[in-house]
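Tertiary structure, described
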Amino acid sequence: MKKGEIVHFYTSNSTWLREYKGRNPGVVISSKDPNGSDYDKGHAVILWADGCITREHLTYLKVVEYE
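Residues numbered from 1 in each chain as written. Predicted model: local features only at pLDDT ≥ 70, side-chain atom pairs only at ≥ 80, totals over all residues. Heavy atoms only, no water.

**Considering a nonpolar patch on the surface**
Note the following rule: Every patch collects residues that have over 30% relative accessible area and no salt bridge, joining them within 9 Å if they carry like charges and within 5 Å if they are nonpolar side chains (Val, Leu, Ile, Met, Phe, Trp, Tyr). Each accessible area is a Shrake-Rupley result for a 1.4 Å probe, and residues are judged covered by the shown protein chains and nothing else. Here, a salt bridge means any side-chain nitrogen of Lys or Arg that lies within 4 Å of a carboxyl oxygen of Asp or Glu. Strands are runs of DSSP state E lasting at least two residues, helices are runs of H or I lasting at least four, and both sets are numbered from the N terminus onward. Think of it in three bands: residues with accessible area under 20% of the maximum for their type are buried, residues over 50% are exposed, and the middle band is partly exposed, with areas taken using a 1.4 Å probe on protein chains only.
Where nonpolar side chains cluster on the molecular surface, the patch consists of Val 27, Ile 29, Leu 47 and Ile 53 and spans about 300 Å² of accessible area. Summarising the element assignment, Ile 53 is placed in strand β4 (residues 53–57). With relative accessibility at 53%, the residue Ile 53 sits in the exposed group.

**Some remarks on the sheet that holds strand β5 (residues 61–63)**
The criterion, for reference: Pairs of strands are assigned from DSSP output, requiring at least two bridges between the strands. Lines fitted to the C-alpha atoms define the axes, with helices restricted to the stretch that makes contact. Angles between their N-to-C directions range from 0 to 180 degrees. The criterion used for residue contact is that any of the two residues' heavy atoms lie within 4.5 Å.
Ordered by their spatial adjacency, 5 strands build an open sheet running β4-β3-β2-β1-β5, and the pairing between neighbours is antiparallel. Every other strand in the sheet has two partners, leaving β4 and β5 as the edge strands with one partner each. Adjacent strand axes in the sheet meet at a mean angle of 45° when their direction is disregarded. Here strand β2 (residues 26–32) pairs with strand β3 (residues 43–48) via 6 bridges, running antiparallel. Among the inter-strand pairings, Gly 26 is bridged to a residue of β3, identified as Trp 48. With respect to the sheet, helix α1 (residues 14–21) is in contact with β1 (6–9), β3 and β4, its orientation differing from that of β1 by roughly 135°.

**Observations concerning the pattern of salt bridges**
A full pass over the atoms with the stated rule returns 2 salt bridges. Linking Glu 19 and Arg 23 is a salt bridge whose minimum nitrogen-to-oxygen distance equals 3.8 Å. Taking the relative accessible area as the measure of exposure, Glu 19 reaches 45% and is therefore partly exposed. Of the charged contacts, one joins Arg 23 and Asp 50 as a salt bridge, the two residues approaching to 4.0 Å between their closest N and O atoms.

**Quick word on the nonpolar core**
Applicable threshold: In plain words, nonpolar cores are sets of buried Ala, Val, Leu, Ile, Met, Phe, Trp, Tyr and Cys residues tied together by side-chain atoms within 4.5 Å.
Counting 9 residues, the largest nonpolar core is built from Val 7, Phe 9, Tyr 20, Val 28, Ala 44, Ile 46, Trp 48, Leu 58 and Leu 61. Leave out the neighbours within four places in its chain, and Leu 58 touches Met 1, Lys 32, Asp 33, Pro 34, Lys 41, Gly 42, His 43 and Ala 44.

**Side note on the environment of Ile 46**
Relative to the elements of secondary structure, Ile 46 occurs in strand β3. Ile 46 gets classed as buried once you look at its relative accessible area, which sits at 0%. As for Ile 46 and Gly 26, which are separated by 20 residues in sequence, their C-alpha atoms are 5.9 Å apart. For Ile 46, the contacting residues outside a window of four places in its chain are Val 7, Gly 26, Val 27, Val 28, Ile 29, Cys 52, Ile 53, Thr 54, Glu 56 and Leu 61.

Laid out in structure tokens, this is it:
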């Protein structure tokens, strides 16, 4: 994941999806790839559309692709 990319939060957990509905989309401020260990999935710091900033596991983020 690269700085400046537009992302959406995505999960199969409906409660979490409702929480992020008003936040999507977001812009990647910074990111760190996984370090190869079983517990580290990597993360990114995201500036969301509602103005909040959070740190998210990369597994919950999908890059928005525009044609």
